[in-house]
Every structure is written in C-alpha cells, then in structure tokens.
Amino acid sequence: MKKYIILLLLAEVSFFSACTEDCSEYLNSDNFINISGIAEEYKVVSFSEEKLQIKPSVESSFPESDMTYFWTYYNTENAEKEKTDKKGRKYYISPDTIGRDKNLDFLVKLGDGEYTLVFTAKSKSTGYFQQYVAKLQTQSSLSHGFYILKENKDGDTDVDLFKYTDNKLISDVIMTSQGKALRGKPRALDINHQLAYIDPNTDEKSGTNMLCITTEQDQVYWIRALDGKTVKDFSNFYYEQVSNIKPYRVIRGTYSEYLFTDQGIFNGYTAKYGNGLLGEIAGYGSSQHVVQATKAQNYYLVYWSLPEHDIKMLNFRGQLFDIEKDVEEKEIQYETTNLKNLECVYAGLNFAETSFAKAYFLFENNLNHQKLLYEILCQKNKAVLNNVKVIEPTSHYAKASLRAICAKSATIAYAVDQNKIYSYSLVGPANEKELKFQGLPANEKITFLSNRYFLHETASFDYLIVGTQTGNTYKLYFYEVTGGEPAGAPKYTTSGKGILKSLGYVDPTVADMEDGAIAPVLDE
C-alpha cells in the first residue's frame with residue numbers, strides 16, 4: 001500500500017508566526033514533491049551479505065540544491081505501544097535513521113519481524129517535505145543452522161554459522177555483530193530455545209533462542225541468535241552482582257533454565273513464565289558433565305558435582321537428589337557419592353531402548369588409572385545406578401583421545417584412537433568395531449566427534465559429525481546413521497578458520513514447551 005504524507009516540519013502555528021513573504025511563496029499549489037520507484041513491500045535476509053538497495057525517483061518544484069533526503073525505520077508492532085521509563089515517564093519508540101542519501105544502500109542487521117520503512121524528501125529552505133512509507137519484512141540469516149564454537153587466531157571465542165540448507169558458512173558472527181570476540185578460549189556452547197530475558201529495546205519481558213557460551217575467562221554470555229547480540233551476562237542474570245564464580249554451561253529443562261557453576265546451580269523460568277533473572281539452588285557445585293533424560297522423565301538432569309565428587313540428579317522442579325542404588329542388584333559395590341579418587345572423563349545419554357533412557361558416566365581412578373563406566377537408569381522420578389563396567393585398559397575406548405555416545409539408533413559409544421573411529425558396545429560383551437567413513441581423508445587429524453540429533457515434528461535429524469583440524473582450518477563432515485554407523489558419503493560438509501571446539505543447532509520454528517525446545521545436552 002502506497003502512502004504519501006505531506007507535512008510541515010514545524011507546528012502550524014509556530015511556522016506561520018515565523019514565516020515571511022520570502023518563504024510563503026513555497027506554500028502554494030505550484031510547488032510539489034513527488035516520490036516514485038519505491039515498492040510497497042521489501043523482504044530481506046538480515047545478517048547476510050544481502051543489502052537493501054533502493055533508488056527512488058523524486059520530482060520536485062524545488063531546486064536539487066535545496067533538497068535533503070533521509071531514510072528511517074521502526075518496528076511496526078512496537079511503534080504504537082506506549083512505554084514507561086524507570087522514572088515513570090511515558091514515551092514512544094523513536095525511529096532509527098539508516099541513510100542520509102537519496103539512494104539507500106543498507107546492510108540489514110535486524111531481528112525477524114515487520115518494520116516500517118520511511119523515505120523523506122524535504123526542502124531545506126521551507127521544511128516542506130513528503131514521505132513514502134513501505135513495509136520491510138526481515139528474516140535473520142543467523143536464526144537457523146549449526147553454530148560452530150571455535151577459538152579464533154587471537155585465542156578468543158567466536159562462532160561460525162553453517163547454513164546447511166544452502167551450504168553457506170557465515171564466519172565470526174560475534175565479531176561481526178558485537179565488534180569484538182568474547183575474551184578467552186571457549187569452554188562450552190549450549191543452544192537453548194526460547195529463554196526469557198528483558199528486551200533492551202522495549203524494557204519488556206521477551207523470549208528468544210539463545211547461544212549460551214562459557215569461556216575459560218570464567219564468563220558466561222546469553223547471546224540472541226537473531227542478531228548475535230549479548231542480552232545477558234554476569235552483570236544482569238541475578239538479582240545482585242556475583243563474583244568469583246566459575247560457570248560451566250547453561251541448559252534448559254521443561255520450563256526452567258539452569259546455569260551450572262562451581263558454587264551451585266542457578267535457575268529461572270523460560271520464556272513462557274520467566275523474566276530472565278535466575279535464583280540460586282543452594283547446596284552443591286556442578287561441572288560440565290551433564291546428561292539430560294528424555295521427555296518420559298520430564299527432561300531431568302544427571303550431573304557430576306564438584307568439588308563433592310558426587311553424581312546428582314536435578315528434577316524438572318529444581319529439586320536435588322542423590323543417585324539411588326538398585327537394592328536388587330547385590331553385585332554393585334560402587335558408590336555414587338564422595339568419589340574422591342574418581343575424575344569424570346565423559347558423560348552421555350542413550351535412549352535406543354525405547355522403554356527407558358540411560359545416562360553413562362566414564363570415570364578414571366586417579367590412583368591406578370582404571371576406567372569405570374557407570375550406567376544409570378533414568379526412571380520416571382528417580383535415577384538408579386544399574387551397572388558399573390570396568391573398561392579393559394587395552395581397548396580403544398579406554399585409550400581414546402575423543403569419545404561420544406550414540407543417542408537413539410544403537411546402544412553403542414564411539415572412540416577415536418590413533419585417528420580411527422571405533423564403536424564400543426554399551427550392553428553385553430564389550431565388543432569394538434572400526435567404523436568406515438566414506439569421504440573422510442585419512443591425513444586429516446580428527447579432533448571432534450558428536451552424535452548430534454534433533455527431535456521436532458517438522459525438522460528431525462540424526463547425524464554422526466566428525467571434525468578435523470589442520471593448522472587454523474577446521475572441517476566438519478555430517479553423516480547420516482543407520483544402526484549407529486555412518487551411512488554413505490557425508491550429507492553435508494563445511495570448513496572454516498579457527499580451532500573447532502563444539503557445535504549446536506538452532507531452529508526458529510521451535511516454540512516454548514515443544515519437544516524441540518529441549519536441545520541435546522552433549523559432553524563436547
């Protein structure tokens with residue numbers, strides 16, 4: 001819909017009180033400003049290389065030397081909402097200026113939504129102007145795909161985004177969006193759909209998909225996937241300032257989010273009920289080693305607790321429990337608390353057997369370097385130690401430089417030993433088998449291995465992802481799996497600059513409380 005607005009820049013009374021004979025001649029029917037060449041609606045992909053370029057035609061009775069032009073925009077939905085600042089004063093959101101030339105050449109960096117685009121052509125001598133209003137629909141290129149956590153050449157933290165649908169890699173998203181990377185090497189990345197926060201543009205509660213990143217500088221960042229902006233960190237996640245905390249990772253549950261730290265776990269509600277502020281669950285520390293059960297167990301969490309050296313369970317209400325022992329299993333002589341001689345090496349989830357899920361924790365004994373694999377049954381309202389397996393020290397799984405676990409298609413784990421990948425049986429005899437990966441160069445060093453899956457009715461997948469590193473270049477190979485083993489050539493491949501650490505998947509179609517909102521929690 002085309003709209004013209006012909007106005008006086010000053011209020012009518014003020015203008016005429018100051019007007020002289022010299023300027024009154026402009027205010028007659030012989031003077032005009034006509035705008036054309038602008039569409040009624042534009043659709044752009046923001047945070048990409050795509051620019052919004054518009055070349056309007058302007059016919060005017062005023063000389064060109066007397067004309068000035070500018071482009072503005074505002075969020076259509078928020079424009080008509082009256083806001084209140086911290087002092088109780090009422091205000092409306094002001095439009096932002098994006099160009100002061102006649103022709104617009106704008107690299108769009110806006111979140112998903114509808115915006116109103118306004119072009120203004122004005123006579124400088126009179127203030128007489130005309131505007132053309134168009135609709136601008138944006139979809140962020142950053143809202144969908146695989147985010148890749150990496151260490152950049154300066155030893156700091158950044159992410160690349162692999163848009164697998166068009167085989168495109170967007171590099172250094174944080175540097176591009178914020179002007180600098182996050183200080184320090186990366187510790188963990190968890191992508192959490194629909195977390196709560198206070199929108200700094202509206203001062204209202206909102207929800208969005210977030211990249212939750214912790215670094216070795218002991219900092220945590222909640223970064224909005226739509227635009228790569230940090231919306232929450234240690235300065236505003238809690239009711240008061242905190243210090244001397246080591247953050248491990250941020251994970252969402254059924255309707256809560258949890259920040260795991262060395263001084264305890266902080267939690268708060270997600271987008272539907274929360275405002276982004278977290279409260280502390282007192283009593284225990286935690287670690288990066290966290291396993292999240294399935295929907296059948298209300299997505300409760302089992303984790304390795306430091307400095308206590310305990311295995312703990314956190315239910316969907318935020319209540320903490322010890323891991324129980326199977327009273328019928330007399331042969332299990334191992335404890336789940338005060339495991340002072342054990343250090344957790346890896347943790348993962350398997351739910352290939354549909355009747356229940358199992359959390360696996362691999363430990364190394366500091367005294368004799370023996371490796372123990374704890375198998376914990378994730379039942380409806382409790383977690384029970386079901387078995388402890390002593391790992392044969394000569395096995396590939398014991399000697400592995402990297403480990404992963406198959407989540408849903410087979411009861412196996414994975415191990416990288418001497419740059420080869422092996423499967424390891426989690427049930428029955430500890431059988432191992434070398435897996436063949438078509439299209440994976442033998443001369444590339446394997447530095448990353450993950451079974452990345454996604455459970456959502458519109459976009460489910462199950463990939464075994466192999467990452468390699470050559471100097472400052474990483475490569476990723478995405479394999480579909482059959483029975484836990486790679487099936488054929490990679491479905492996708494990508495490559496980027498930096499040292500690969502981890503990855504995660506974000507999907508803009510996921511709503512709060514849907515299955516897809518609970519992303520896999522992987523020990524990477």
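Scroll up to find the structure this text is about.
Small disclaimer: the values here were computed from a predicted structure and weren't measured.

Parameters at a glance
Residues numbered from 1 in each chain as written. Predicted model: local features only at pLDDT ≥ 70, side-chain atom pairs only at ≥ 80, totals over all residues. Heavy atoms only, no water. Helix = DSSP H or I, 4+ residues; strand = E, 2+ residues; numbered from the N terminus. Buried < 20%, exposed > 50% of the residue type's maximum accessible area, 1.4 Å probe, protein only. Areas by Shrake-Rupley, 256 points an atom, 1.4 Å probe, with all protein chains shown as cover. 1 Å grid on protein atoms, 1.4 Å probe; cavity = no way out; pocket = protein on both sides within 12 Å on 5 of 7 lines; lining within 4 Å. Points joined across faces, edges and corners; volume = space filled by probe spheres on them. Nonpolar A, V, L, I, M, F, W, Y, C, P; charged D, E, K, R; others polar. Pairing = 2+ DSSP bridges. Axes fitted to C-alpha atoms, helices over the stretch in contact; angles between N-to-C directions. Phe/Tyr/Trp six-rings, centres within 6.5 Å; stacked < 30°, edge-to-face > 60°. Lys NZ or Arg CZ within 6 Å of the ring centre and 35° of its normal. Salt bridge = Lys/Arg side-chain N within 4 Å of Asp/Glu carboxyl O.

*Asks:* Hey, could you run me through the overall build of the chain in this one?
*Replies:* Summing up its helical and strand segments, the chain has 5 helices and 42 strands in all. Counting the 524 residues in the chain, one finds 53% classified as buried. A total accessible area of about 24100 Å² is found for the chain, and carbon and sulfur atoms account for 46% of it.

*Asks:* Would you mind going over empty space enclosed by the protein with me for this structure?
*Replies:* A probe as big as a water molecule, rolled over the atoms, marks out the empty space that is left. Evaluated as defined, the whole model comprises 5 cavities of 30 Å³ or more. Together, 16 residues line the largest cavity, and L189, D190, R249, R452 and L522 are the ones closest to its centre. Within the residue set of the lining of the largest cavity, elements represented by two or more residues are β16 (186–199) and β42 (499–506). In the lining of the largest cavity, the residues fall into 8 nonpolar, 3 polar and 5 charged.

*Asks:* Is there a simple way to think about the sheet that holds strand β17 (residues 204–215) in this case?
*Replies:* Strand pairing within a sheet occurs via backbone hydrogen bonds; the two strands may be parallel or antiparallel. Taking strand neighbours across the sheet as the criterion, the 4 strands line up as β16-β17-β18-β19 in an open arrangement whose pairing is antiparallel. Since the sheet does not close on itself, it has two edges, and those belong to β16 and β19 (230–233), each with one partner. Taken pair by pair, the neighbouring strands of this sheet meet at an average axis angle of 30°, ignoring direction. Taken together, the 3 bridges between strand β18 (residues 220–224) and β19 define a ladder with antiparallel strand orientation. Counted as the bridge partner of Y221 is D233 from β19.

*Asks:* In this structure, what is going on with unusual backbone geometry? I would like to understand it.
*Replies:* Residues apart from glycine generally show negative phi values, whereas peptide bonds are mostly found in trans. Residue L306 is joined to P307 through a cis peptide bond whose omega torsion reads 5°. Tracing the backbone shows P307 in the loop between β25 (301–305) and β26 (310–314). One non-glycine residue, N419, lies in the positive phi region at around 65°.

*Asks:* Could you clarify how one ought to interpret the packing of aromatic side chains in this entry?
*Replies:* Any pair of aromatic rings gets described here by the distance separating the centres and the angle formed by the planes. Summed over the entire model, instances satisfying the criterion amount to 38 aromatic pairs. With 6.0 Å between their ring centres and 20° between their planes, W222 and F237 make a pair best called stacked. Note that W222 is positioned in strand β18 and F237 in the loop between β19 and β20 (247–252), a separation of 15 residues in sequence. Given the relative accessible area of 0%, W222 is considered buried. Looking at F237, the relative accessible area reads 0%, which means it is buried. For the pair Y238 and F266, a centre-to-centre distance of 5.3 Å together with 80° between the ring planes defines the contact as edge-to-face. A residue pair is termed long-range when its members are at least 10 positions apart, and Y238 in the loop between β19 and β20 and F266 in strand β22 (residues 264–269) qualify at 28 residues. As far as burial versus exposure is concerned, Y238 and F266 are alike and both buried. Feature note: the residues F146, F162, Y164, F454, F461, Y463, F478, Y492 and Y505 constitute an aromatic cluster, connected by ring pairs. Looking at K232, its charged tip hangs above the ring of W222, at a distance of 4.5 Å from the centre. One residue, R403, lies across the ring of Y397, its end atom 5.4 Å from the ring centre.

*Asks:* Just checking my understanding: could you explain the pattern of salt bridges for this structure?
*Replies:* Counting across every chain of the model gives 21 salt bridges. Here R187 ties to D218 by a salt bridge, and the two come within 2.8 Å at their closest N and O atoms. Taken together, the positions of R187 in strand β16 and D218 in the loop between β17 and β18 put the pair 31 residues apart, joining distant regions of the chain. When the shortest N-O distance is used, the salt bridge between E524 and R452 registers 3.4 Å. Of this pair, E524 sits in the segment after β42 while R452 sits in strand β37 (residues 445–454), and the two are 72 residues apart along the sequence. With respect to class, E524 is no different from R452; both count as buried. Among the charged side chains, a network of salt bridges with common partners joins K150, D160 and D172.

*Asks:* How should the pairing of strand β35 (residues 420–425) be read in this particular structure?
*Replies:* It is a general feature of regular strands that their side chains alternate between the two faces of the sheet. For β35, a buried count of 5 out of 6 residues is recorded, marking the element as mostly surrounded by other parts of the structure. In this sheet, β35 lies alongside strand β34 (residues 412–417) in antiparallel orientation, the contact comprising 6 bridges. Residue pairing for β35: A413 is matched across the bridge by Y424. Once β34 ends, the chain turns through 2 residues before running back antiparallel as β35, passing Q418 with a positive phi of about 55°. Across 3 bridges, the pairing between β35 and strand β36 (residues 432–434) is antiparallel. Bridge assignment links S423 to a residue of β36, and that residue is K433.

No statement about biological role is implied by the geometric values presented.
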